[in-house]
Amino acid sequence: MKHSLQKRLTYRFEQFMAKGGSSIFISLLLAFIFCFLLIVFIRSAIVWAVGPLDDYNTIKGFWDHAWYTFLQMTDPGNMYQDSFTTGWVRISTVIAGFAGVILFSALIAFITTALDNLLYEFRKGRRAILEEGHTLILGWNERVVDILRELIIANESEDKASVVILSNEKKEKMDDFIVKRLPNTLSTKIITSNGNPANLNELKRVSAADAKSAIVLASCSDSATQTQKLISDTQGVKTIMALIATQDGENDIPIITEIFTPEKREIVNFFEDDNIIAIDSWDIMGKLLVQTSLTSGLEMVYSEILSFDLSEVYFYEADWNGINFSELPYHFIDGIPLGINKADGTLILRPENDYTLDDDDEIVILANDDSTIDFQQSKLFSAKNLPYTAKETEQGNKRILILGWHSVGNIFVSEYDDYLQGGSQFDIMIKDPTETVKEHIKELKEKYPDLNITLHVNDTKNVNELMALKPFEYDNILILSQNPEEEDAEIVDSDTLMILLVLRKIASDEGIKSDEGKTKIITQVLNSDNQELIIQTDVDDFIISNKLITMILAQLSEEPKIKKLYDDLFQEDGSEIYVKPAHLYFDNFPVTEDFATILGQARKRDEICLGLRYGALSQVSKQNFGVVLNSPKDDIITLTENDFLVVLAEDEL
């Protein structure tokens, strides 16, 4: 069927206009030029036909008519200049004014709208990001600010660094959230962009292939439903695949991701790439809760070691010339060697004293900065050989009170079973346990028959109901979420603070002082901004879950090999960090010796001393609760029976 010329032209014009802004702009511009030229020719013809008047003989020719017409079309106020011309000229003037009002105004309106859209696109974060060597954060959750804090500290020594965040969140929301919490980012530039982190084109837009590392965040919390967790894990795996695709199938950057389910973590392992690491944050949290409950002050130790501030763990290699591991610490001005990373990738923490280093061995060392690690061939310090009597602490049954419940509680109980003797007691108190919680506790009873596990359906925020359980007769009190399905961190933390205040009230009524009671209170705090509030409640140790997990995510993004250290530390088998009483290492007090000698005493127990905890400062937040790591080896230190050594050891005895 043949269409008329008019229909075909109309159709082509519609198709041309449908192309968007450029077509509209070209159409308006061409219409303006056409009208302008038409009016100029009409005006010139009229003047040529009628002839100029005395009032009009300032107009000499075509270009004068063009100029006056342009002025009248762009500003109708210029029409007054033809007030004394012939009527025919005035008609052309009126046409020029009306055409200008319509066409030029439309052109200006279009340009204004286009600029608004352009600025809107800038605000949305949809422009290409041309960064190199940046850290890429893919996704958005409550961990973002803590990760950024750590990366800002890590980049402090660099003149120029950048972090790019790609998320489905609105750019304005991300920018406002970050600016309010991180007003000073030092040398680190933070760039946010809106887009799907699992989309290949979006990753190319943010220069993913040129990044130095990528952190893939979960899209939901651990309190989310299983379906939400599976969606988050699937998105994480897709994001990893997209990152690899942006690098033409060969991954060259560390990719760190949060994965909830074991099945999806196994899929990540299929990539067989040591640079791709999937972590189960709540599994780590459960293990940290256990270790903290066993050892007072451990949270501060981990906060320092896992952070980029103060002492950190590094991998270092040098020409060892056959030195024994026992002599190694005394050849460094700064640094305490923790173990050996073999050329085949095997990590050995606390090797035997007579272990001889091979030239291709790396050491794992705790130091203030990588720039201060310098192995000296000659010995710089010596340890005195002080008297030592082998002693161990007694491990008896434990009584543990858990207030509230969370999936991390399952991990806590299962991990604790490796440390406790049979007959230890777990009392779990929760106001309104769901059927899922009841089922979890029933399964734990069946799985660990040697543990006495009891569920108490009581209000954890009621003084009388909590006092009935006599909480300060327990060895540990662990405070978890009061609603296992609650996803709002502020609500969870508010409940935790209320319970801490109730416990403080009970302790006050019973005349128990914070530095006298045997009970350790460990609490899970989701928002690290609430740390100062927690301190005011005299809690013995507090776990800032987001803070510690984000420290691990940030450190892995900078050095993936450190995962081997975490794998060893956060399990019952192998080496772990403990805070042990000083009387296990010295016979007579007070002890006044240099730190090098204290290191030597710890090695007599096959342990490595990382630092000290002063008992008198255990409640002083400004003194890091008495924890001091990696002291200079020539520092003279005085220890009392109330002080502790922070050590890397096989067990807590």
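Here, every reference points to the structure presented above.
Keep in mind it's a predicted model, so treat the numbers as computed, not measured. (Residues numbered from 1 in each chain as written. Predicted model: local features only at pLDDT ≥ 70, side-chain atom pairs only at ≥ 80, totals over all residues. Heavy atoms only, no water.)

(A) Highlighting the overall build of the chain. Looking only at helices and strands, the chain has 19 helices and 22 strands in total. Within the chain, buried positions represent 52% of all 653 residues. (Helix = DSSP H or I, 4+ residues; strand = E, 2+ residues; numbered from the N terminus. Buried < 20%, exposed > 50% of the residue type's maximum accessible area, 1.4 Å probe, protein only.)

(B) Structural context of the sheet that holds strand E8 (residues 336-341). Spatially, the four strands line up as an open sheet ordered E7-E10-E8-E9, and their pairing is antiparallel. The open sheet has two free edges, formed respectively by strand E7 (312-316) and strand E9 (347-349), since each of these has just one partner strand. Averaged over neighbouring strand pairs, the angle between their axes works out to 30° when direction is ignored. One ladder, built from five bridges, connects E7 with strand E10 (residues 362-367); its direction is antiparallel. Across the sheet, Tyr316 pairs through a bridge with Ile363, a residue of E10. (Pairing = 2+ DSSP bridges. Axes fitted to C-alpha atoms, helices over the stretch in contact; angles between N-to-C directions.)

(C) Up close: the pairing of strand E22 (residues 644-649). Along E22, five of the six residues are buried, which leaves the element largely enclosed by surrounding structure. Here five bridges tie strand E19 (residues 608-613) to E22, and the two strands are oriented antiparallel to one another. Among the inter-strand pairings, Cys609 is bridged to a residue of E22, identified as Val647.

(D) The packing of helix H10 (residues 281-294) against helix H12 (residues 407-416), seen in detail. The geometry of H10 relative to H12 is characterised by a closest axis approach of 8 Å and an angle of 50° between their N-to-C directions. On the basis of their axis angle, the class for H10 and H12 is oblique. Every pair of crossing elements has a handedness; the one defined by H10 and H12 is right-handed. Here Trp282, Asp283, Met285, Gly286, Lys287, Leu289, Val290, Ser293 and Leu294 of H10 lie close against H12, whose contacting residues are Val408, Ile411, Phe412, Glu415 and Tyr416. Residues that form the contact of H10 with H12 fall into these classes: nine nonpolar, two polar and three charged. (Parallel < 35°, antiparallel > 145°, perpendicular 65-115°, else oblique. Left-handed = near helix turned anticlockwise from the far one by under 90°. Contact = heavy atoms within 4.5 Å. Nonpolar A, V, L, I, M, F, W, Y, C, P; charged D, E, K, R; others polar.)

(E) View of a negative patch on the surface. A contiguous patch of negative charge on the surface is contributed by Glu317, Asp319, Asp344, Asp359 and Asp360. Residue position: Asp319 is located in the loop between E7 and E8. For Asp319, a relative accessible area of 56% gives the class exposed. (Patch = residues over 30% accessible without salt bridge, like charges linked within 9 Å, V, L, I, M, F, W, Y side chains within 5 Å. Areas by Shrake-Rupley, 256 points an atom, 1.4 Å probe, with all protein chains shown as cover. Salt bridge = Lys/Arg side-chain N within 4 Å of Asp/Glu carboxyl O. Lys, Arg positive; Asp, Glu negative; His and termini not counted. Charge placed at Lys NZ, Arg CZ, Asp CG, Glu CD.)

(F) Structural view of the nonpolar core. Counting 127 residues, the largest nonpolar core has Trp320, Leu338, Ile402, Phe412, Val413, Phe426 and Ile577 as the members making the most contacts within it. Beyond its immediate chain neighbours, meaning those up to four positions away, Val413 contacts Ile402, Trp405, Phe426, Leu444, Tyr448, Leu451 and Ile453. Counting 23 residues, the second-largest nonpolar core is a separate cluster that includes Leu138, Leu243, Ile259 and Val268. (Core = buried A, V, L, I, M, F, W, Y, C linked by side-chain atoms within 4.5 Å.)

(G) Region of the structure containing the packing of aromatic side chains. Applying the stated criterion across every chain yields a total of seven aromatic pairs. A ring pair is formed by Tyr316 and Phe332, whose centres lie 5.9 Å apart and whose planes are at 75°; its orientation type is edge-to-face. Of this pair, Tyr316 sits in strand E7 while Phe332 sits in the loop between E7 and E8; the two residues are 16 residues apart in sequence, bridging distant segments of the chain. Across this residue pair, the class does not change: Tyr316 and Phe332 are buried. Geometry around Tyr474 places Arg399 over its ring, the cationic atom sitting 4.2 Å from the centre. (Phe/Tyr/Trp six-rings, centres within 6.5 Å; stacked < 30°, edge-to-face > 60°. Lys NZ or Arg CZ within 6 Å of the ring centre and 35° of its normal.)

(H) Here's a closer look at helix H11 (residues 298-306). When you tally the buried positions in H11, you get nine out of nine residues, the bulk of the element. Turning to H11, its buried residues are Leu298, Glu299, Met300, Val301, Tyr302, Ser303, Glu304, Ile305 and Leu306.

(I) Seen up close, helix H13 (residues 435-447). In this model, H13 (13 residues) spans 18 Å end to end at C-alpha, consistent with the 18 Å of a helix rising 1.5 Å per residue. The inward-facing, buried residues of H13 abut H12, strand E12 (425-430) and strand E13 (452-457). (Expected span 1.5 Å × (residues − 1).)

(J) Broad picture of the pattern of salt bridges. Evaluation of the coordinates by the stated rule reveals 21 salt bridges. Between Asp567 and Lys563 there is a salt bridge, with its nearest N and O atoms 2.9 Å apart. Residue Asp567 and its partner Lys563 are both found in helix H18 (residues 563-569); the two are separated by four residues, about one turn of the helix.

(K) Representation of the packing of helix H8 (residues 226-246) against helix H9 (residues 262-269). At a closest axis distance of 10 Å, the pairing of H8 and H9 adopts a crossing angle of 5°. Looking at the two axes, H8 sits roughly parallel to H9. Two secondary-structure elements touch here, H8 through Leu230, Asp233, Thr234, Val237 and Ile240 and H9 through Lys264, Ile267 and Val268. By residue class, the composition of the contact of H8 with H9 is five nonpolar, one polar and two charged.

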